[in-house]
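The residues making up each chain are set out below.
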Amino acid sequence: MLPFQRILFPVDYSDRCRSVVPYVNDMAEHFSAALTVVHAHGVGAPRFSDLDVADPEWPAAVRRLEEQRLKGFVEEAFPNKKVQSFIDIGEPDHVITKVVQHHGADLVMMPTHGHGLMRKLLLGSVTAKVLHDVSASVWTAGEQEIKPCSHAYKNIVCAVDLSEESEVIARAALCLAKSFGSKLTLAHVVEIPPPNLDVDFSAFKQDLEDAANFGLGDLKAKLNADVPHIALVSKLTADGVREAAVSCNADLIVVGRGRSQGGVSRIWSRLYNIVREAPCPVLSI
């Protein structure tokens, strides 16, 4: 976990990919972390149409072209920086997972969308699979406007579900905030179902907020840290996290992925929506 020592940056050459380069550069410099870029490609890409597929040297020619393209990207994006690079054929999520497993990375940084249809409506399938499969932390930025980046994390919101995992996530967020000199705010959203004829949970809103505040107070005591907190009652967790982030002018949201509960925690089940609706980048640990 923290401090990050090896950062993996998947590259697809899209505008969204290029837009997060300053954040990747900044994170690598801040933690003096080793940087690796990876590009997954298919052999049927239009740029290879001029090559003779019957030529036995065709696969090698494709690889050389991809290596040249990635080298050019690295030289442009990370001038004068030592960067390790990998090229592989296959689905991007499989290639990313393989690199994490075999070459090591404790942080993957990528946009939620690159190429693909309906990218403004849906969380990118590659990002979704990476969030689900890789052991490393994942930093991702969605369709929100990305701010100019120069150690930009001034306000961090850590969204916790008050499960056993929350203390680990909050400690990581606290460590990150201290590292960047950021203000940290803990947030917990109590998600309530819509009213029905049997129970109207909105009538218990204050009781729910009081219970959430108590849980957050207990968490802060375990952290031995006096940090502000926000307890919200909302119909949707993602809406509540977004509201907390907006109210704090957050530059980064830190969340867990429910690993202590086998991936079935409430935060995990809401993670895709949190990432999609976030007004700033999200770091899932």
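Owing to the predicted nature of the structure, the values given are computational and were not obtained by experimental measurement.

Here we come to the pairing of strand S1 (residues 6-10). The buried fraction of S1 amounts to 4 of the 5 residues, a majority that puts the element mostly inside the structure. With 5 bridges joining them, S1 and strand S2 (residues 34-41) adopt parallel strand pairing. By the bridge assignment for S2, Pro-10 is matched with Val-38. Inspection of the sheet shows S1 paired to strand S4 (residues 107-111) by 2 bridges, in the parallel sense. Residue pairing in the sheet places Leu-8 in a bridge with Val-108 of S4.

What follows concerns the packing of helix H2 (residues 21-31) against helix H6 (residues 166-180). Relative orientation of the contacting elements H2 and H6 amounts to 85°, with a least axis distance of 12 Å. It follows that H2 is roughly perpendicular to H6 by the angle criterion. For the pair H2 and H6, contact is made by Asp-26, Met-27, His-30 and Phe-31 and by Leu-176, Ser-179 and Phe-180, respectively. In terms of residue class, the contact of H2 with H6 is built from 4 nonpolar, 2 polar and 1 charged.

Criteria and thresholds
Residues numbered from 1 in each chain as written. Predicted model: local features only at pLDDT ≥ 70, side-chain atom pairs only at ≥ 80, totals over all residues. Heavy atoms only, no water. Buried < 20%, exposed > 50% of the residue type's maximum accessible area, 1.4 Å probe, protein only. Helix = DSSP H or I, 4+ residues; strand = E, 2+ residues; numbered from the N terminus. Pairing = 2+ DSSP bridges. Axes fitted to C-alpha atoms, helices over the stretch in contact; angles between N-to-C directions. Parallel < 35°, antiparallel > 145°, perpendicular 65-115°, else oblique. Contact = heavy atoms within 4.5 Å. Nonpolar A, V, L, I, M, F, W, Y, C, P; charged D, E, K, R; others polar.

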